Each structure stands twice: as C-alpha cells, then as structure tokens.
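# Structural characterization, general
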Amino acid sequence: MHIVDGVLSMPVLLGSGVLALAGVGLGLRALDESSIPRAGLLTAAFFSVSLIHIPLGPTSAHLLLTGLMGVLLGWAVFPAICVGLLLQALFFGYGGLTVLGANTLNLALPALLFGLAGRAALARLRPAALSWWVVPLGALVGAGAFAGSALLVAGSLAASGEGFWAAARLALIAQLPVALIEAVVTAAALRLLWTVRPELLARPARAC
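Just so you know, the residues in each chain are numbered from 1, in the order the chain's sequence is written. In keeping with the model being predicted, local features are shown solely for residues with a pLDDT of at least 70 and side-chain atom pairs are shown and tallied solely at 80 or more, while totals for entire chains, interfaces and linings include all residues. By convention in this description, side-chain values take in all heavy atoms of the structure and omit both hydrogens and water.

## Describing the environment of Ala22
Runs of H or I in DSSP of at least four residues are treated as helices and runs of E of at least two as strands, each being numbered from the N terminus. With respect to the element layout, Ala22 can be found in helix H1 (residues 10-30). Placed 83 residues apart in sequence, Ala22 and Leu105 show a C-alpha to C-alpha distance of 9.9 Å.

## Topic: the layout of surface pockets
A volume near 160 Å³ is recorded for the largest pocket. Under this grouping Gly is polar, as are all residues other than the nonpolar Ala, Val, Leu, Ile, Met, Phe, Trp, Tyr, Cys and Pro and the charged Asp, Glu, Lys and Arg. Within the lining of the largest pocket, the residues separate by chemical class into 8 nonpolar, no polar and 1 charged. We place a 1 Å grid over just the protein atoms. Points where a 1.4 Å probe fits but has no way out form a cavity, open points with protein on both sides within 12 Å along at least 5 of 7 lines form a pocket, and any residue with an atom within 4 Å of a point lines it. Grid points are joined across faces, edges and corners, and a volume is the space filled by probe spheres set on the points.

## So, the UniProt feature "transmembrane region" (unreviewed entry) in the chain
UniProt positions are given in the numbering used here, feature names are shortened, and annotations may be inferred rather than shown by experiment. When the UniProt feature table is mapped onto this chain numbering, "transmembrane region" (unreviewed entry) sits at residues 12-30, 36-56, 63-91, 97-118, 130-158 and 170-194. Secondary structure content for residues 63-91 is 79% helix and 0% strand, while the C-alpha to C-alpha distance between its ends is 19 Å. Secondary structure within residues 97-118 divides into 86% helix and 0% strand; the distance between the first and last C-alpha atoms comes to 31 Å.

## Section: the side chain of Asn103
Relative to the helices and strands, Asn103 is located in helix H5 (residues 100-124). Those residues in contact with Asn103 that sit more than four places away from it in its chain are Met1, His2, Ile3, Leu85 and Gly95. Residue contacts are counted whenever heavy atoms from the two residues lie within 4.5 Å of one another.

## Topic: the packing of helix H3 (residues 66-73) against helix H7 (residues 165-196)
Axis geometry follows a simple rule: fit a line to the C-alpha atoms, using only the stretch in contact for helices, then measure angles between N-to-C directions, giving values from 0 to 180 degrees. Where H3 contacts H7, the axes come no closer than 9 Å and their chain directions differ by 35 degrees. Of the residues in H7, those in contact with Thr66, Leu68, Val71 and Leu72 of H3 are Glu182, Thr186, Ala189, Leu190 and Leu193. Grouping the amino acids of the contact of H3 with H7 by side-chain chemistry returns 6 nonpolar, 2 polar and 1 charged.

## As for unusual backbone geometry
Glycine aside, the phi torsion of most residues is negative, and most peptide linkages are trans. Notably, Leu65 is not glycine yet its phi reads approximately 65 degrees, a positive angle. Following the sequence through the fold, Leu65 ends up in the loop between strand E2 (59-61) and H3. Among the residues examined, Leu65 registers a relative accessible area of 15% and is labelled buried. Throughout this description, buried means an accessible area under 20% of the type-specific maximum (1.4 Å probe, protein chains only), exposed means over 50%, and partly exposed covers the range between.

Laid out in structure tokens, this is it:
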C-alpha cells in the first residue's frame, strides 16, 4: 500500500507531510517508558510483514497490522509507522523519502481512528462479554483500518491528476481481499492478547 516517489503532486505531498508531522509530534508526546518497547516491537512487526508485497503500479498490496498497532499504541502509531516506513525506504528503496509523509498519514490516520474506537468499545464491555466480542471487534478494527488506508491511498493518487485515476481504482479494488486477511489476523492477535495479557488492552496514553 506504499506509494512510490515521483507520483504524487506537490500540493498532496505538502499537505499530507504537514499532517503527518503533526501526528508524529503528538505521538512522540504520548510515548512513555512503558510503551516504548511495545512501540518498537510493533514497528518491527510492521516493517517485516509489509515488506512481503505485490506491486500494483504506483502502489502495492500487502498486510499492514496497523489496526492492531492503533489499538495498542494510540497516538504513538504515527511515529511507529513513520520509523518503519523510513527504514524500508533507506534499506530497501521501498516507498520513498519524498512520499514518507503521505505514506505515514495514509497508514497511521485510519489506524489511529479505528484503534481508538476499538479501544473505547472494549472498555465499555463487561469482562464476561469481552471474550465473545473481542474477535468481531478485532476483525472490524483490522479491516476498517486497512480499508481506510486503501481509500486514502486511492484518494492521494486521484488528487494528483486524472492520469492516476485508473491506478487509484486498481489500488482500491485490489486491496479488498487483503482486508479480509487483515481482519482475521487482527482478530486472532487481539483474542490472544485478551487471553494472556489483558492489561495491554487498557486505554493508551492520550497525546497532550
């Protein structure tokens, strides 16, 4: 789902870059000593799983795990994804440096929104009901964050010119099957966490 260098228009690059920078700043303020190891682990997981991809013109299809990251990190998902994307661009030429802000925003914003919504829903459920609802909620968060990123990627391409409209449609349609896999993986991960480390599903620190 990464967009490569040389595709997006300057207004899209600048606008998404400013928003991504703001998100990274808020995410860094939300990090504390207890959440840094978790952020590092999830960044490594994102870095590894998203390297296995299928090229689709100016973008690609692959798993993200961003919904899971949003639930566990909150605002810190912005710097976590940004670091993962930066390392991929530097070491493997995957994505690019000029589109780092756009890719960060496209992946982190839906992760944040669906992660916080899923976290709030889990907090409102009674412990007895959580064992039943954590799986469908996890699936919804995983698929929703992934689909949200696909929409933002398609929107970024479409906003960069009519020449990218066909690529935007392809990018959106091709991601739908992957969203189902993302839903299953996220649901399974949250179910496991609820079983072995339920304290990790407490509300994350808010950005100040």
